[in-house]
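Residue-level structural notes
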Amino acid sequence: MALSTPSPAHEATDIANNTTLSWADSVASDYYKVFFGTNSAEVTAKSVNVYRGNVTPKAYDPRLDLTYGAKYYWLITAVKAGSGDVDSDVWEFTIVEEAPALPDAKKYKKKICSAANNKFFYDNDDSPPKQVELSGLTLDTSKAITMFELDQKVYIANDDILKVVDFVNTKLTLNDEMTVPPRRGQAITQANSGATMIVDYVAKGALTVIYGRTTSGTFTTNEADTLSGDTMSPTTRWSAAVALPTTPHHYTWGVYADVTGEDEFGAMPPRATIGDRWRGRACLTGNSIDPHQWYLSRQMNPYDMMYGEDDEQAAVAGTDAKAGKVGDIVTASIPYSDDYKLYGSIGDLWVLRGDPAAGGNLDCLIEGIGIISQSAWCWDDAGNLYILDLKGMYKITRGLAAIEPMTSDKIPNFTKDLALNPETQRIVLSFDPAKQGIVISVTTIETGANVNYFYDLQSEGFSPETYPVQDAVICSHYYDADDPEQRRLLFGSYDGHMRILDPASKNDDTGSMASPATEVIDSYVLLGPVMIGGNHNWMGRMNSLTVVTAGGKAGGTIPDSDDIAYAVYVGDDAETVIEKADADTSIFGGVIPAPGRARRIRRKARGVFMAVRVGSVATYVVTGTLNPDATGNYLYAGTYNGKPYYRREDGAYFIWWCSSTSPDYWIISTAAGVIGGPIAYWYRESPEIGNYAAAGTATGTATVAAPTEGKTWGMERVLAEIEPAGRKK
Amino acid sequence: MGRPLILQYPMMGKNVNFAATTQPAFTSPRMNNVRPRDVLEYRARGGQRPGWAKAYNQHMGYVEGANVPVCAICQVTIVEL
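As a starting point, this report considers the structure included with it.

1. What to know about the overall build of chain A
The helix and strand tally for chain A stands at three helices and 59 strands. Referenced to the eigenvectors of the C-alpha coordinate spread, the extents of chain A come out at roughly 125 × 85 × 55 Å. When the 729 residues of chain A are sorted by exposure, 44% land in the buried category. The contacts in chain A between residues at least 6 apart in sequence include a share of 53% that link residues at least 24 apart.

2. Examining the pairing of strand E38 (residues 461-465) of chain A
For a regular strand, side-chain orientation follows a simple rule: the groups alternate between the two sheet faces. Residue and element names in this part refer to chain A. With respect to burial, E38 is a largely interior element, four of its five residues being buried. By the bridge criterion, five bridges tie strand E37 (residues 450-456) to E38 in an arrangement that is antiparallel. Residue pairing in the sheet places Phe454 in a bridge with Ser463 of E38. Counted along the chain from E37 to the antiparallel partner E38, the turn is four residues long, and its residue Glu460 has a positive phi close to 55°.

3. Describing the sheet that holds strand E39 (residues 473-479) of chain A
One open sheet accounts for four strands, arranged E39(A)-E40(A)-E41(A)-E5(B); its pairing is antiparallel. Two strands in the sheet have a free side with no partner beyond their single neighbour: E39 of chain A together with strand E5 (51-54) of chain B. Averaged over all pairs of adjacent strands, the angle between strand axes in this sheet comes to 35°, irrespective of strand direction. Relative to E5 of chain B, strand E41 (residues 498-502) of chain A runs antiparallel, the two being bridged by four bridges. Residue Leu501 of chain A lies in a different strand from E5 of chain B, and its bridge partner there is Trp52 of chain B.

4. Regarding the interface of chain B and chain A
Contact with chain B, which involves 65 residues of that partner, is made by 103 residues of chain A. At the level of secondary structure, the elements contributing two or more residues to the side of chain B that touches chain A comprise strand E1 (3-7), strand E2 (31-32), strand E3 (34-37), strand E4 (44-48), E5, strand E6 (62-63) and strand E8 (70-79) of chain B. Taken together, the residues of the side of chain B that touches chain A sort by class into 34 nonpolar, 21 polar and 10 charged.

5. A short note on the pairing of strand E50 (residues 609-615) of chain A
Residues and elements named next belong to chain A. A large share of E50 lies buried, amounting to seven of its seven residues. Where burial is concerned, the two faces of E50 agree: the one with Phe609, Ala611, Arg613 and Gly615 and the one with Met610, Val612 and Val614 are both buried. Relative to E50, strand E46 (residues 564-571) is paired through seven bridges, and the arrangement is antiparallel. Bridge assignment links Val568 to a residue of E50, and that residue is Val612.

6. Considerations on the sheet that holds strand E27 (residues 330-336) of chain A
Residue and element names in this part refer to chain A. With respect to topology, four strands assemble into an open sheet ordered E27-E28-E29-E30, the strand pairing being antiparallel. Edge positions in the sheet fall to E27 and strand E30 (361-367), since each has one partner strand and no second. Between one strand axis and the next, the sheet turns through 20° on average, direction left out of account.

Reading the values: rules and limits
- Residues numbered from 1 in each chain as written.
- Chains lettered and ligands numbered in written order.
- Predicted model: local features only at pLDDT ≥ 70, side-chain atom pairs only at ≥ 80, totals over all residues.
- Helix = DSSP H or I, 4+ residues; strand = E, 2+ residues; numbered from the N terminus.
- Buried ≥ 20, exposed ≤ 12 C-beta atoms within 10 Å, placed from the backbone.
- Contact = placed C-beta atoms within 7 Å.
- Pairing = 2+ DSSP bridges.
- Axes fitted to C-alpha atoms, helices over the stretch in contact; angles between N-to-C directions.
- Nonpolar A, V, L, I, M, F, W, Y, C, P; charged D, E, K, R; others polar.

Written out as structure tokens, the structure reads:
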């Protein structure tokens, strides 16, 4: 017997950590004893510690993942009855070194922060995250406020309240005041624990607190663990309290503590309502005491406001720079890459080109066009800027190449219709990359009344929108979250919630979690007016109408539209048709059952001009203990007596306006125009929603309410069949 | 047999800049809560705007007896050490 040909080969290296062992034998032994381990002496001595058992085949599977980089030894003893035992040599091999782990692509996380009710909120680490209040931070949300990110912190400009919410630093509260603080960006070390941090902030006049990024170890609160480093003095100070950034720290945004005893870092502006970052600087403006002024901190040091120092990274303000102040009251501050920064005022637009600490200039970009308020602007993702001025909306093309009016050729009274007044309204422009459009929101602060438009970048069209008061827009932010599900345009709502415009929502959420509520969206569009008579002196006749809604036949792979309400208006001229549409005095109307191509509507309409209104189905729900039973869903059915009327789904009852009584009433009865006598009906004065009293032979109080079930719709096209109908007299 | 008249959705939005008699193609003088792209498939064919939904369940502006608006939103990116 002779054992040979080990596998892995003797002294082989870079062997996989799941290898099996095998060998050759010159004869057929009865079985083999296996000794295997990392201890050479024990294997050589055939210690029981490394004895792995007996095997019959000439192979052995360690059945475990061997240690990366380790050297293993093994010995086989061949056993054959009558021949004595034969040992192999002690063989060895080395497992491959562990491959370096794949790089973790994500080493950061994003959080949404919000301000409401004088409080600050931030995402916690739940999934999905929740907005939790940051205890102890008091803002004044009755005043103008902006928040911006810089260096893993949120900086807040809230008039005379300037705050920092710090998500990254460890806070060391010292046992006593320092005489000299460490400089910003320098390391301090704690004795014994060996913990170190890079100092980020020591507030001027508050020499007992150090904020810094822990770079190694864990800071302790032992008196013997003194702190030292850089200019810190004395070095007998120790941290009486240590607070990790598991809950964000917050503190007043001030300048850094002086190290030399001289005034090194200047002073913060006394007030600011507009803040942002640009060229690595914290930028402030909107100081009501000095409304033309702007302030930029030192680059990457928002705690250095020492303006006019002789270096290109120094802090700089309008007063202290060659650029000078803005020539009008600043209403908006708009950073764009490192190239330029725009300052808007009510009447003009100014641009800061280049760094003002290094010879940059502030020029008036255009006179007579400004930005009405601090949120009345937005960028699109092609680098174009959109601004709202008292005269209309403008697009400033990428690179400030051109200024184009957007509304004057479409809606000349755009701003007049919006009744713009920045003193009483919150005016917000919000670009939605997903929808490739801009939501223009004007909300009256006192009441929540709102006027809004959606501007579609592709069609360059404006579509007006109205929102329930609860959903009125006060602020917005596009959250470019890592999670695609969370990536969306967020709106701060009038009722204190944060909301989105959700394609999956068929109605508007208006409630809270405690009191859920929704409101049906009233949507419509007028198709036309179009001339159907050939010219102004010829009548035309529409013989039929076909409405094709989105979704094909019910079911299938394409999402289905809900039903669509329609109404047809005709008139001798186009404006009469529009006026009839405004008054909803249609010649006929009803509900198109969706989806797909509905049955052709074979009704006729005659006029010179025609328009068709399509939109959401106005449905009313009638409830009560009624005799006869008039309860059920009532659908829009057109116009009667100059007002919309509604038909129960089975056509047995109607809600309609009776203009022949005194006073006039809304009526529920079996047919529009039929009341009085021995029939059952219910009545009430305007509006049509509410309780109706029984009359005639009816009993019970009928209640008419708007439904809460949302509907949505999409259309393919509307097809009318028309023909000449004679000369107009 | 009459001739067909196709009424398209006014993709170019509201327009009240011209005489109603010469309403520009693909525009409308009256519309509300509609968008060029429907919410069903986001096709350019017209439909109702998306509805409002809560982004967070938390009610930041809750005050006893009243609500106050969310008046500022921002995001912050934090390095995970």
